[in-house]
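# Geometric and topological summary
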Amino acid sequence: MSTPTTHATAGIRETTEGTVYDVTGGDWDEIAAAAARSDDERIIVNMGPQHPSTHGVLRLILEIDGETVTEARCGIGYLHTGIEKNLEYRTWTQGTTFVTRMDYLTPFFNETAYCMAVEKLLGIEGDIPDRANVIRVLLMELNRISSHLVAIATGGMELGATTVMIFGFRDRELVLDLYELITGLRMNHAYIRPGGLSQDLPPGTVDALREFLKKMKKNLPEYDALCTGNPVFKARLKDIGHLDLAGCMALGATGPILRSAGLPHDLRKSDPYCGYENYDFEVPTVDTCDSYGRFLLRLEEMRQSLRIIEQCIDRLEPGPVMVGDKKIAWPAQLALGPDGLGNSLDHIKNIMGTSMEALIHHFKLVTEGFRVPPGQTYAAVESPKGELGVHAVSDGGTRPYRVHFRDPSFTNLEAMAAMCEGGQVADVIVAVASIDPVMGGVDR
Amino acid sequence: MTEGNGNGNGAVPAPRQDPGEVIGVRRGMFGADKGGDTSGYGGLVRTVRLPGASRRPYGGYFDEVADELEGALEEQGLVPGEVIEKTVVDRNEVTFHVAREHLLQVTRTLRDDPALRFELCTGVSGVHFPGDKGRELHAVYHLRSITHNRVIRLEVSAPDSDPHVPSVVEVYPTNDWHERETYDFFGLIFDGHPALTRIMMPDDWQGFPQRKDYPLGGIPVEYKGAQIPAPDQRRSYS
Amino acid sequence: MGIEEKLPSGFLLTTVEQAAGWVRKSSMFPATFGLACCAIEMMTTGAGRYDLARFGMEVFRGSPRQADLMIVAGRVSQKMAPVLRQVYDQMPNPKWVISMGVCASSGGMFNNYAIVQGVDHIVPVDIYLPGCPPRPEMLLDAILKLHQHVQGEKIGVNREKAAREAEEAARKALPTIEMKGLLR
């Protein structure tokens, strides 16, 4: 690509087969002397990509001097899935199926951000029914709880605190039961669609939500009792993974990392979407800049999420969950059939029995999809990890021209080196756990 | 690298047309281009146009940002009309199309000027428009100001024959990995980047997989004798 | 250990086979090979509600050298493929592989440049587990099916015989492409 540069210890020869590089050019005595001078304790340790405590397929390359990390670098891309390219070969609605699998711990945030971008391109962001917006907020806050629970659980497991992991997954199961009730799936839902939702809440959801709130309010203080005052836990987390506000801003870190440096930046407050301006909640901050502060923030954010969920239940009014424009809206009046699949018998009766035009329209909408006017847009939501942005470009076709996800895990992981260098090897694990990177989001 | 791809003006970005920017032409309806289209839609021709330049007032805070930026650029001895090729306001968002040689100065101004103060760069997203001759590769930056609660977009383009864009890592260190990612997927070379290497794909990967001319790479799937073509080889609605 | 491989065919060998199979299936050590979404479900399977410890498998080994089961949980990218093969090679014999989820089994919905279209291109797979991601119950079912398979596994000359018979049967089988009729 660029012109080859000569290194002090390397030579270049042009041959008929191409350029040949060799190491004959240097002064070997000098190199040997430099190697002899270096500390014997200095070694390069390669952690991952398959390592039990690196949060998935993250590869850390650490240069350590004794127990001190002198340099830390990340190797990523081991889970690169090409989702952004795959989206370009599917319709706009089918896109939700792909984006939900990016950061697999925050599926509803991915779906909402993507759908908000598509709705902006269509110019229908003001037409989304209230009920759909309330349910989106409800699901996103449930998702915030389940994501933070996994962050705390896997963080605990990486410290060797298996009880924390068992607790976290126990409570996450409660959230997953709700997902399963509402969307039919435990993960990878594709429930939020451009224009609204794929279907309405099933009967009994509100009761299940209240039951969940009751259980969660009992379970959340257990984390306080188990971890917050625990001297071992505090000794491992306090002052580890330090990143101050200047560092956060320079490295573009958002979410709990930024708020642990004392800046109350939260898109739900500063740039409200889906009606977040109507909810009463607080954005917690601490000014410790460390892993312990991030742990406390995550606990507090879960409490705030419970508050928002309570308000969502009160705001649930009957109504449609899909925009009225039939050129965009998929039929969303689904009912659960005996086979366990959602189906709309009235809709089928209409398109198969009475109206040929409705059948053609349904066929076109499902196979061809709707057209989106050309242009580009950026939509961002506050995911549990930070600012999740979607840059969507349309060329007026039925399929996305380009969709790029600015995933918070990807950007926050850049701060790993700043947090770990100069610390101990064992603290690298704590620092990475406090960033809470999910490799599905990092690599996409 | 890509010499002889037919764009006559070589390394210089082509001048813009107004209104709107034609990035391609769409023919037919069902993607059948080998004469098999009996639907009657085969002769359909549609021009694909991106939104064109807007005139003042832009509305909202966009005017204020544009005024401050132009003022700050003038103070630095630049002609705003040469730096900002055009300003597009579309869907309640503002896009400043910046000439690539001035990108670094513009981002520095946007970050440091107290009236602008865009502290947070949310990375760079590459877009490949093979039909936009002379300006095939676009780099799109979204800047967020936490102080003033604003979002703007910068767009820079480079021809395929000279895919160079200045790196903004020294202004926004967060763009380190984002620029590596865009290089990895689109082959945009960010001049001045501290270590521009592949980040997602293996180091020895050939080609830039998210360009439009790179195939999706799907392999046909076979079910009991029936072939299902890969997604990029199927017929589709154009 | 190696001695059992040299036993003559007969009553002794079948008894050893049964004992070894029982011992092997009762205490399997899975290697953590979590890649993507399925890894979370795999961890859920190990946690409280589903409790993999009921089947003597709660000890997930970080080191492949101590493991005899690899659960490939998630999509395998072209960049990860060599790493996966290396981890598999580091595992001591006998070893088994569960391909968890459609992405590991066939590439799934990601039929593109980045994903290996099925982990069986890289390592031999014993159980294919569909689902995106499979529920923990499905993973438990796959593990129990694998236990049955391990229990009945042959040793020494019997294994060679079984392998020959399996190959013979595979040769006689109608290729999928020539099968006619309904997809069953």
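Residues numbered from 1 in each chain as written. Chains lettered and ligands numbered in written order. Predicted model: local features only at pLDDT ≥ 70, side-chain atom pairs only at ≥ 80, totals over all residues. Heavy atoms only, no water.

### Remarks on the overall build of chain C
Rules: The helix and strand labels rest on DSSP assignments: H or I over at least four residues marks a helix, E over at least two residues marks a strand, and numbering proceeds from the N terminus. Relative accessibility thresholds used throughout: buried, under 20% of the residue-type maximum; exposed, over 50%; partly exposed, between the two (1.4 Å probe, protein chains only). In what follows, a contact means two residues having at least one pair of non-hydrogen atoms within 4.5 Å. The method behind every accessible area is Shrake-Rupley, applied with a 1.4 Å probe, and residues are considered shielded solely by the protein chains displayed.
Regarding its fold elements, chain C presents 6 helices and 4 strands. Taken from N to C terminus, the helices and strands of chain C fall in the order α-β-α-β-α-β-α-β-α-α. For chain C, buried positions account for 47% of its 184 residues. For chain C, restricting intrachain contacts to residue pairs at least 6 apart in sequence, the fraction spanning at least 24 positions comes to 76%. When the accessible area of chain C is evaluated, it comes to approximately 9100 Å², of which 59% is carbon and sulfur surface.

### Section: the overall build of chain A
Keep this limit in mind: Think of it this way: Lys and Arg go in the positive column, Asp and Glu in the negative one, and His and the chain ends go nowhere. The atom standing in for a charge is NZ when the residue is Lys, CZ when it is Arg, CG when it is Asp and CD when it is Glu.
Per the secondary structure count, chain A includes 18 helices and 12 strands. Looking at chain A residue by residue over its 444 residues, the buried ones come to 60%. When contacts within chain A are restricted to residue pairs at least 6 apart in sequence, long-range pairs at least 24 apart make up 68% of them. Accessible area for chain A stands at about 16800 Å²; split by element, carbon and sulfur atoms hold 55% of it. Within chain A, the 60 negative side-chain charges are centred at a point lying 6 Å from the centre of the 42 positive side-chain charges.

### Some words on the interface of chain B and chain A
Keep this limit in mind: Two parts placed together each lose some accessible area; with a 1.4 Å probe, that loss summed over both constitutes the buried area. Salt bridge, as used here, is a side-chain nitrogen of Lys or Arg placed within 4 Å of a carboxyl oxygen of Asp or Glu. For this analysis, a polar contact is any N or O atom pair within 3.5 Å, provided that within protein one partner can donate a hydrogen and the other can accept it, and provided that sequence-adjacent residues contribute only side-chain to side-chain pairs.
Taken together, the contact between chain B and chain A spans 58 residues of the former and 56 residues of the latter. When chain B packs against chain A, the two sides together hide about 4700 Å² of surface, and 55% of this comes from carbon and sulfur. Of all residues in chain B, the largest losses of buried area upon contact with chain A belong to Arg91(B), Trp177(B) and Tyr237(B), amounting jointly to 17% of the total for that side. One can count 5 salt bridges joining chain B with chain A. Here Lys212(B) ties to Glu88(A) by a salt bridge, and the two come within 3.2 Å at their closest N and O atoms. Where chain B meets chain A, there are 25 residue pairs in polar contact (both at pLDDT 80 or more). Of all the secondary structure elements, the ones that give two or more residues to the side of chain B that touches chain A are strand S1 (21–27), strand S2 (45–50), strand S4 (93–98), strand S5 (120–128), strand S6 (137–145), strand S7 (150–158) and helix H4 (175–186) of chain B.

### Focus: unusual backbone geometry
With omega at -10 degrees, the peptide bond leading from Asn93(C) into Pro94(C) counts as cis. On the secondary structure map, Pro94(C) appears in the loop between helix H3 (81–90) and strand S3 (96–100). Despite not being glycine, Ala190(A) shows a phi value in the positive range, around 50 degrees. Tracing the chain through its elements places Ala190(A) in the loop between helix H6 (162–183) and strand S6 (192–193). For Asp239(A), which is not glycine, the phi dihedral falls at a positive 60 degrees. Relative to the helices and strands, Asp239(A) resides in the loop between helix H8 (231–237) and helix H9 (245–251).

### Some thoughts on the nonpolar core
The condition that has to hold: We define a nonpolar core as any set of buried Ala, Val, Leu, Ile, Met, Phe, Trp, Tyr and Cys residues linked to one another through side-chain atoms lying within 4.5 Å.
Ile76(A), Phe212(A), Tyr141(B), Leu154(B), Met70(C) and Val76(C) are the most contacted members of the largest nonpolar core, which totals 194 residues. The element that contributes the greatest number of residues to this core is helix H5 (residues 130–159) of chain A, accounting for 13 residues. In this structure, Leu154(B) is in contact with Phe96(B), Val98(B), Leu103(B), Val106(B), Thr107(B), Leu110(B), Ala139(B), Val140(B), Tyr141(B) and Leu143(B), ignoring residues within four places of it in sequence. Core analysis: the next-biggest nonpolar cluster, separate from the first, contains 20 residues, Ile71(C), Leu139(C), Leu140(C) and Leu146(C) among them.

### Structural notes on the sheet that holds S7(B)
Residues and elements named next belong to chain B. Stated precisely, the cut-off is as follows: What makes two strands pair is DSSP finding at least two bridges between them. In this analysis, axes come from line fits to C-alpha atoms, helices being fitted only over the stretch in contact, and the angle between any two N-to-C directions falls in the range 0 to 180 degrees.
The strand order S3-S4-S7-S6-S5 describes an open sheet built from 5 strands, whose pairing is mixed. In this open sheet, the two strands that pair with only one neighbour each are strand S3 (84–90) and S5. For this sheet, the mean inter-axis angle between neighbouring strands, taken without regard to orientation, is 20 degrees. Examined bridge by bridge, S5 and S6 share 7 bridges and lie antiparallel to one another. Following the sheet pairing, Gly-126 is matched in S6 by Ala-139. The strands that helix H3 (residues 103–112) touches are S4, S6 and S7; relative to S7, the one it contacts most, it runs at about 175 degrees. Those strands touched by H4 are S5 and S6, and its axis lies near 5 degrees from that of S5.

### Digging into the side chain of Asp171(A)
Residues and elements named next belong to chain A. Mapped onto the elements of the fold, Asp-171 is located in helix H6. Classification of Asp-171 as buried rests on a relative accessible area of 0%. One polar contact links Asp-171 to Tyr-223, side chain to side chain, over a distance of 2.8 Å. When residues no more than four places from it in sequence are discounted, the contact partners of Asp-171 are Leu-149, Met-216, Asn-219 and Tyr-223.

### Observations concerning the interface of chain B and chain C
Put simply, the rule reads: Classification convention: Asp, Glu, Lys, Arg as charged; Ala, Val, Leu, Ile, Met, Phe, Trp, Tyr, Cys, Pro as nonpolar; all other residues, Gly among them, as polar.
If you look at the interface, chain B gives 19 residues, while chain C gives 14 residues. Here chain B packs against chain C, burying approximately 1300 Å² in sum over the two surfaces, 62% of which is carbon and sulfur. Counting the contacts that link chain B with chain C gives 0 salt bridges. Seen at the junction of chain B and chain C, the total is 3 residue pairs in polar contact (both at pLDDT 80 or more). When grouped by side-chain class, the residues that make up the side of chain B that touches chain C number 13 nonpolar, 4 polar and 2 charged.

### Remarks on the packing of helix H2 (residues 37–46) of chain C against helix H5 (residues 136–151) of chain C
All names here are of chain C. Heads up, the rule is: In what follows, roughly perpendicular refers to angles from 65 to 115 degrees, roughly parallel to angles under 35, roughly antiparallel to angles over 145, and oblique to any angle outside these ranges.
Here H2 crosses H5 at 75 degrees, and the two axes come no closer than 9 Å. With respect to H5, the axis of H2 lies roughly perpendicular. Together, Glu-41, Met-42, Thr-44 and Thr-45 of H2 and Pro-136, Leu-139 and Leu-140 of H5 make up the contact between the two elements. Split by residue class, the contact of H2 with H5 holds 4 nonpolar, 2 polar and 1 charged.

### Observations concerning the environment of Thr70(A)
Residue and element names in this part refer to chain A. Here Thr-70 lies in strand S5 (residues 68–75). Once the C-alpha coordinates of Thr-70 and Met-416 are considered, the two residues, 346 residues apart in sequence, prove to be 13 Å apart. Once you skip the residues sitting within four places of it in the chain, Thr-70 turns out to touch Arg-42, Glu-63, Ile-64, Asp-65 and Glu-421.

### Comments concerning a nonpolar patch on the surface
All names here are of chain A. Note the following rule: Residues form patches when they are more than 30% accessible in relative terms and have no salt bridge. Like charges link within 9 Å. Nonpolar side chains (Val, Leu, Ile, Met, Phe, Trp, Tyr) link within 5 Å.
Where nonpolar side chains cluster on the molecular surface, the patch consists of Leu-345, Ile-348, Met-352, Met-356, Leu-359 and Ile-360 and spans about 590 Å² of accessible area. Mapped onto the nonpolar patch, the elements with two or more residues apiece are helix H13 (345–354) and helix H14 (356–367). Within the element layout of this structure, Leu-359 appears in helix H14.

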